[in-house]
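Residue-level structural notes
Here's the letter readout for the chains.
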Amino acid sequence: MIKALIIDDEPAAIKTLQLMLERYVPEIDNLRATNDPTEGMHLLKTFEPQILFLDIQMPVMNGFDILKQFPQVNFNIIFTTASDEYVIQAIRFSALDYLLKPIDADELRAAVDK
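A few points on the structure. (Residues numbered from 1 in each chain as written. Predicted model: local features only at pLDDT ≥ 70, side-chain atom pairs only at ≥ 80, totals over all residues. Heavy atoms only, no water.)

Along its length, the protein chain carries five helices and five strands. Across the protein chain, helices and strands are ordered from the amino to the carboxyl terminus as β-α-β-α-β-α-β-α-β-α. Taking 114 residues into account, the globule formula puts the C-alpha radius of gyration at 13 Å, and the protein chain, at 13 Å, falls close to it. In terms of its C-alpha atoms, the protein chain occupies a principal-axis envelope of roughly 30 × 30 × 25 Å. Residues counted as buried form 45% of the 114 residues belonging to the protein chain. In the protein chain, the proportion of contacts linking residues at least 24 apart, taken out of those at least 6 apart, comes to 63%. Surface summary for the protein chain: the accessible area is close to 6200 Å², and the carbon and sulfur share equals 48%. Within the protein chain, the 18 negative side-chain charges are centred at a point lying 4 Å from the centre of the 10 positive side-chain charges. (Helix = DSSP H or I, 4+ residues; strand = E, 2+ residues; numbered from the N terminus. Rg over C-alpha atoms; globule rule 2.2 N^0.38 Å. Buried < 20%, exposed > 50% of the residue type's maximum accessible area, 1.4 Å probe, protein only. Contact = heavy atoms within 4.5 Å. Areas by Shrake-Rupley, 256 points an atom, 1.4 Å probe, with all protein chains shown as cover. Lys, Arg positive; Asp, Glu negative; His and termini not counted. Charge placed at Lys NZ, Arg CZ, Asp CG, Glu CD.)

Residues spaced three or four apart along an α-helix face the same direction, because each turn holds 3.6 residues. For helix H1 (residues 11-24), with 14 residues, the first-to-last C-alpha span of 20 Å sits near the 20 Å given by 1.5 Å per residue. Burial in H1 covers these residues: Ala 13, Ile 14, Leu 17, Met 20 and Leu 21. In a view along the axis of H1, the buried residues occupy a sector of 130 degrees, so they form one face of it. Along H1, the residues that are exposed and aim more than 90 degrees away from the buried face are Pro 11, Ala 12, Glu 22 and Arg 23. (Expected span 1.5 Å × (residues − 1). Arc of directions from axis to C-beta.)

Attention now moves to the nonpolar core. Ile 7, Leu 44, Leu 52, Leu 54, Ile 66 and Phe 79 are the most contacted members of the largest nonpolar core, which has 21 residues in total. At the level of elements, strand E1 (2-7), helix H2 (37-46), strand E3 (51-54), helix H3 (63-68) and strand E4 (76-81) are the ones that each hand at least two residues to this core. Once you skip the residues sitting within four places of it in the chain, Leu 54 turns out to touch Ile 7, Gly 63, Ile 66, Leu 67, Ile 78, Phe 79 and Thr 80. Ile 2, Leu 99, Leu 108 and Ala 111 belong to the second-largest nonpolar core, a separate cluster that totals 18 residues. (Core = buried A, V, L, I, M, F, W, Y, C linked by side-chain atoms within 4.5 Å.)

Moving on, we come to the pattern of salt bridges. Taken as a whole, this structure holds five salt bridges when the rule is applied. Close ionic contact of Lys 101 with Asp 8 constitutes a salt bridge, the shortest N to O distance being 2.6 Å. Here the residue Lys 101 occupies a position in the loop between strand E5 (97-100) and helix H5 (105-113), and Asp 8 occupies one in the loop between E1 and H1, the gap between them amounting to 93 residues. When its relative accessible area of 22% is taken as the criterion, Lys 101 is described as partly exposed. Note that Asp 113 is salt-bridged to Arg 109, the shortest N-O span being 2.5 Å. (Salt bridge = Lys/Arg side-chain N within 4 Å of Asp/Glu carboxyl O.)

Quick look at the environment of Ala 111 now. Mapped onto the elements of the fold, Ala 111 is located in helix H5. Dropping the residues within four chain positions of it, Ala 111 is found in contact with Ile 78, Leu 96, Asp 97 and Leu 99.

Take a look at the structure:
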């Protein structure tokens, strides 16, 4: 089974992704989520997810700022964002995938399968 974490500043986006994961990715059996980047960094250290679903555009600290706090990344990163302008940066962070909102169920399933 898989542990996963969602970090996104929009509570509605978190809820939508949680519901999609429950429906389309049942092997994720331990899922946590936060809309607070600072709490997200704490959860990355203590919860130790295998997959991180990470929004990029967030106030105060963006998704890339969060990742820069982790010189050793021990989790797979799937970016979930409304903009395609950050694809190159995502590749530099060795992203497993880059999903555009609204997230397509088939693309979500394919990303986790990777």
